[in-house]
Amino acid sequence: MKHGFRESWVIVALFLAPALLGLALFRLAPILIALIGGFTGTRLTGETVWVGLQNYERLVSDPAFWNSVRITLLFNVIINPLQILIALGLALLVLRPTPLVPLFRAAYMAPMTVSLSLTSILWAILLEPTMGPVNGLLRALGVPPQPFWRSEEQALATLIAVASWKGVGYWMVFLLAGLLLVPKELHEAAMIDGASAWQRFRWVTLPLMRRPLAFVLVADTAANFLLFAPMYLITQGGPNGATALLMFEAYQAAFTYLDRGRALALSTVILLVIGLLAVLELRLLRERES
Amino acid sequence: MTISDLRRLFVAFVRYLALVLVATVLLLPIYWLVVASFRPAADIFATSSSVSLATLVPERLTLDHWREAWSGELPRAVANSLFVALTTAGLGVLINSLAGFAFAVFEFPLKRVIFAFVLATFMMPFESIVIPLYMLVRGLALTDTYAALILPEVASGLVIFLFRQFFAAVPKELYEAARIDGASWLQIWWRLTLPLSGPTIATASLMLFVHQWDAFFWPLVAAPSQERIVVQVAIARNVTLEVANWGALFASASTAILLALIPFLLLQRFYLRTITAASER
Amino acid sequence: MTRLSRRAALAGAAAASALLPARPLMAQPKTTLKVIWMGWPEGQVKPLMDSFRRAQPEVELQVETIPFVQIFQTLEVRLGARTPDPDIFICDSPLTASYAARGHLMDLTPYLDAGRFTKSAIEAASWQGKIYSAPFGSSCPVLFYNKKLLREAGIAFPPADVAKRWTWEELVEAAKKLTDPAKNQWGFSFEQQERPYMLLPLAQSLGGVALSPDGFKASGYIDSPPFIEAYSFMQKLYTEWKVSPPGLFDPNLPVEQFGNGKIALLVAGTFNEATIKNKYPDIEFGVAPYPRFAKGKAVTPTGAWHIGVNPRTRHPKEALAFIEHFMSHELQVLWFELRPYPPVLKSVWEKEAKRFETDMWKIVRFELEHTAVPRPATPGFREYEDILRTALRDITTGADVAKTLSAAAQRIDRELEKYKA
């Protein structure tokens, strides 16, 4: 990366201050309180007591936690590359504004206007084992009805599919914006040099897409780690723990098991894992020093 | 017709076929939902388990659910959500692009550390910071105000990150030239970087807009009074443990979906303009 | 002497002003009560609140109606902050002990006349011998049946007479005849296929007890033989006899399927009578009591929404006036008209007797007096309910009943540990 401009701190502070003040107040301060909260417990009467590492010790000795970690990692290892590949494919598909393409672009973004809880309600109905239209369609085609959300084997795959239904259009938007910023002249020059479409994509587009891709990868990872509405509204983490993602466990700990210490310890783990993955992803896509 | 013409035709055919297939998968569920909002209550699930033409094309139509949804608190909720989402998007683009610009263009001490903190802000589960955030907003005497809905969401680590990544597409040489011409950094940000970043600004405002349009839990905690009701809350009111008013649920949900599509359609023009502007240069 | 008389005079004046109706004198700053209420339709909330506003014009009400899916979470955040806000909140009756144990409910024992309420309502409002929530509604599931489908299958209607109620065994035999996989038609479904509320009575009918009397131990209770037997029976509805649609966990969906003639027998709450009548006017249906096992006794679930007062409220006098008003006969009649939950006041049952002459209300009245058992009173009810609910879910999809229940019992014991101190 080329070095940026060195300016007096007054200028830098002027640019940073409005956003950083907001972040410090409304995000970092509460996060700090939550991080500290991971080392505390709450008495029935509401007093907070220091318990040191006890919340974390309990977590690591709890098989349910490790099951969650395993499922969360599995979920993310599949869904993040899958969503980004599809999103990139869609972005390339709608890049050239030939007739009707703007309409398709808008159509692909439509699922992102459906809120997460509504997405969950809608797909719970569509995929109901006995009354859902998807199974109605399968039945009409002679395929036996599938349990989808209701089977241990299919629940996680169903979750990945539904989250991708909502997600791919969203991530497409960013990748499309990135592609639009690739100067046309570079493509034209490569074409004159006789490069094939794949070569142009690989050697012209992709290198310039590193930064947008890095953004989408990190943002997508965070979004998928923090997803929990479908579990809350449809699967309750089941069947038999098949969709017990960490975020849902944290949510349950906070609002059902009323165990604030455990909830905050789990949240801290989530923050650390996303942070770690983000560092790896940014490394992976960092522009090589030229 | 030459072979290359044929080939081009074939590629176009495959491309449009793919476009249509993807659109079908993505739109059919929404179509089902919107159509369901026009079916009489008894018909909504009547055709769901045995698929036929009637599953897609309703036999009877009614506006009852839409009338019911719109005669309640939905108009107010839509107005509130529009106000909150547009204000957040407007303010958010300004301040987050300033910060993103600084991270993309300047070198300064502790830059990486500060940036790491910015990234961390969108990696923490919101549900685990909601109690301290609520107490903070209460302490600032902001509960039940529009400010409680808007202020905590304006500064966004994710949007700063977006701007930082995309501002890098603007060549450094342009900045150097502008500096030599005597432009201040604020002028450069406003007159050079932002105008060259149409798609970036469009996507950033979309993110902020959609985030607020989908907001559900925080509005209930921070500003739950009738006057401040937001659109997702109005939608959810149609379902209780005992009774689900599916018709009104789907009608109000359709309203929310269709209204939120408008910014996406506007975005299209943004995209087209940028491309022509870039190609004219 | 002068001092004493002065004090007496002051006391007298205070007493007099307490008796007098609110003086519309000077523009006293109005007291504002913040109320968190269930997200029922506005038409079922505003008339109640307006009634209080008319009775107490000097008190301002700020009502926040929270959608059902987020009401518990919102209350956790607002109460968890331990501020005087809200003053009043709607309280799911089985959570009374949970809120009370954590200091979120004012003891209402001195202010409520327990004798005015039905026995089951007071039980559902009590924790450790004190009344912590004001009963505002009750509940009772009944058996709805589709007359046309039963007639076609040649099955006699289940009797509405509580003494002759169907047994589960009879129900299954009928359900088998009513199930037709080719038409995607099912013989029977619970409205709530996974919720302990609707399913605990199965085991209680066989003599099972839901939780230890002190409210802290589930092992030896939910994994006891009656529970294993009852839930093995329930499992067979899905896996062996295949008379119930599996995985229909959203309680609003079985009702739609009943309305569409896809489910013939439905055990569901009384409020569904109005839902089905309004949405599906063509469906001809009857009502019978919640079944029992042949060798067991009749048990029904109960409990519903209550009202709680935040003990940190800065306006206890006004908050108690709110409770008093909402517990009045007139307001509870109005509430019944708006949303017909089974009433909790004896006087409503007695004075409004003509409203309750239908089969359904006769059944409900009997159940509330004789067979209703509230959910177990434990501060850990949320944990208890969630763990048991997950276990019941897994059982419907074929999990080993005994193993699933004993694992659930152990988990519940572990979670309840924190309330013992």
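Residue positions within a chain follow its written sequence, with the count starting from 1. Ligands are numbered from 1 and chains lettered from A, in the order in which they are written. The predicted nature of this model means local features are confined to residues of pLDDT at least 70 and side-chain atom pairs, given and counted, to a pLDDT of 80 or more, with totals for whole chains, interfaces and linings taken over all residues.

1. Side note on unusual backbone geometry
- Going from Gly238 of chain A to Pro239 of chain A, the amide bond is cis rather than trans, its omega being -5°.
- Put simply, DSSP H or I for four residues or longer makes a helix, DSSP E for two residues or longer makes a strand, and each gets a number counted from the N terminus. Following the sequence through the fold, Pro239 of chain A ends up in the loop between helix H11 (229-235) and helix H12 (246-255).
- Across the junction of Asp85 of chain C and Pro86 of chain C, the peptide omega takes the value 0°, indicating a cis bond.
- Considering the arrangement of structural elements, one finds Pro86 of chain C in the loop between helix H3 (68-80) and strand S3 (88-92).
- In this structure, Leu100 of chain A is a non-glycine residue whose phi angle is positive, near 75°.
- Here Leu100 of chain A is to be found in the loop between helix H3 (63-93) and helix H4 (101-109).

2. With respect to the nonpolar core
- Residues of type Ala, Val, Leu, Ile, Met, Phe, Trp, Tyr and Cys that are buried and joined through C-beta atoms within 7 Å form what is called a nonpolar core. Three exposure classes are used, all based on how many other C-beta atoms lie within 10 Å of a residue's own C-beta (placed from the backbone): buried at 20 or more, exposed at 12 or fewer, and partly exposed between those limits. Counting 305 residues, the largest nonpolar core has Met172 and Met247 of chain A, Ala99 of chain B together with Leu143 and Leu265 of chain C as its most contacted members.
- Tallying contributions element by element places helix H4 (residues 74-105) of chain B first for this core, with 15 residues.
- For every residue pair, C-beta atoms are placed from the backbone, and the pair is scored as a contact if these atoms sit within 7 Å. Sequence-distant contacts of Met172 of chain A, that is, excluding residues within four places in its chain, are made with Ala87, Leu90, Ala91 and Tyr108 of chain A.

3. Describing the sheet that holds strand S6 (residues 134-135) of chain C
Residue and element names in this part refer to chain C.
- The pairing criterion for strands is at least two bridges between them, as found by DSSP. With mixed pairing, 5 strands are arranged side by side in an open sheet as S2-S1-S3-S12-S6. Either end of the sheet is taken by a strand with one partner, and the two such strands are strand S2 (59-66) and S6.
- As defined by bridge partners, strand S1 (residues 31-38) adjoins S3 across 2 bridges and the pair is classed as parallel. Within S3, the position partnered with Ile36 by the bridge is Phe89.
- Angles run from 0 to 180 degrees between N-to-C directions of axes, and those axes are lines fitted to C-alpha atoms, restricted for helices to the stretch in contact. Here H3 sits on the sheet and contacts S1, S2 and S3; the angle it forms with S1, its principal contact strand, is near 140°.

4. Topic: the sheet that holds strand S7 (residues 141-146) of chain C
Residue and element names in this part refer to chain C.
- Across the sheet, 4 strands lie side by side as S8-S9-S7-S10; this open sheet has mixed pairing. For this open sheet the edge positions go to strand S8 (186-190) and strand S10 (285-288), each flanked by a neighbour on one side alone. Direction aside, the axes of adjacent strands within the sheet are offset by 20° on average.

5. Brief notes about helix H9 (residues 225-239) of chain C
Residues and elements named next belong to chain C.
- By this rule, a helix spans an expected 1.5 Å times one less than how many residues it contains. Taking 1.5 Å per residue, 15 residues should reach 21 Å; H9 reaches 20 Å between its end C-alpha atoms and fits that length.
- Among all positions in H9, only Phe227, Ile228, Ala230, Tyr231, Met234, Gln235 and Leu237 are buried.
- At its buried positions, H9 is contacted by S8, helix H8 (196-205), helix H16 (381-396) and helix H17 (401-416).

6. Topic: the interface of chain A and chain B
- On the side of chain B, 80 residues touch chain A, which itself brings 79 residues to the contact.
- Ranked by residue count, the leading element in the side of chain A that touches chain B is helix H1 (residues 9-37) of chain A, at 18 residues.
- Of the pairings in the sheet, the one linking strand S1 (residues 5-6) of chain A to strand S1 (residues 106-107) of chain B comprises 2 bridges and is parallel in character. When the sheet's bridge partners are listed, Phe5 of chain A is paired in S1 of chain B with Phe106 of chain B.

7. Some thoughts on the environment of Pro195 of chain B
- As for its placement among the helices and strands, Pro195 of chain B is situated in helix H10 (residues 185-196).
- Sequence-wise, Pro195 of chain B and Val113 of chain B are 82 residues apart; in three dimensions their C-alpha atoms are separated by 29 Å.

8. Some remarks on the environment of Leu90 of chain A
- As for its placement among the helices and strands, Leu90 of chain A is situated in helix H3.
- Residue Leu90 of chain A is classed as buried on the basis of its 24 C-beta neighbours within 10 Å.
- In contact with Leu90 of chain A, other than residues within four places in its own chain, are Tyr108, Val168 and Met172 of chain A together with Val22 of chain B.

9. Regarding the packing of helix H8 (residues 157-167) of chain B against helix H11 (residues 198-213) of chain B
Residues and elements named next belong to chain B.
- The interhelical angle for the contact between H8 and H11, taken along N-to-C directions, is 170°, at an axis separation of 10 Å. Here H8 is positioned roughly antiparallel relative to H11, judged by the angle of their axes. Across the interface between the two elements, Leu158, Val159, Leu162, Phe163 and Phe166 from H8 touch Thr200, Thr203, Ala204, Met207 and Leu208 from H11.
- The classification used treats Ala, Val, Leu, Ile, Met, Phe, Trp, Tyr, Cys and Pro as nonpolar, Asp, Glu, Lys and Arg as charged, and all other residues, Gly among them, as polar. Of the residues in the contact of H8 with H11, the class split is 8 nonpolar, 2 polar and no charged. Working definition: roughly parallel below 35 degrees, roughly antiparallel above 145 degrees, roughly perpendicular at 65 to 115 degrees, and oblique for all remaining angles.

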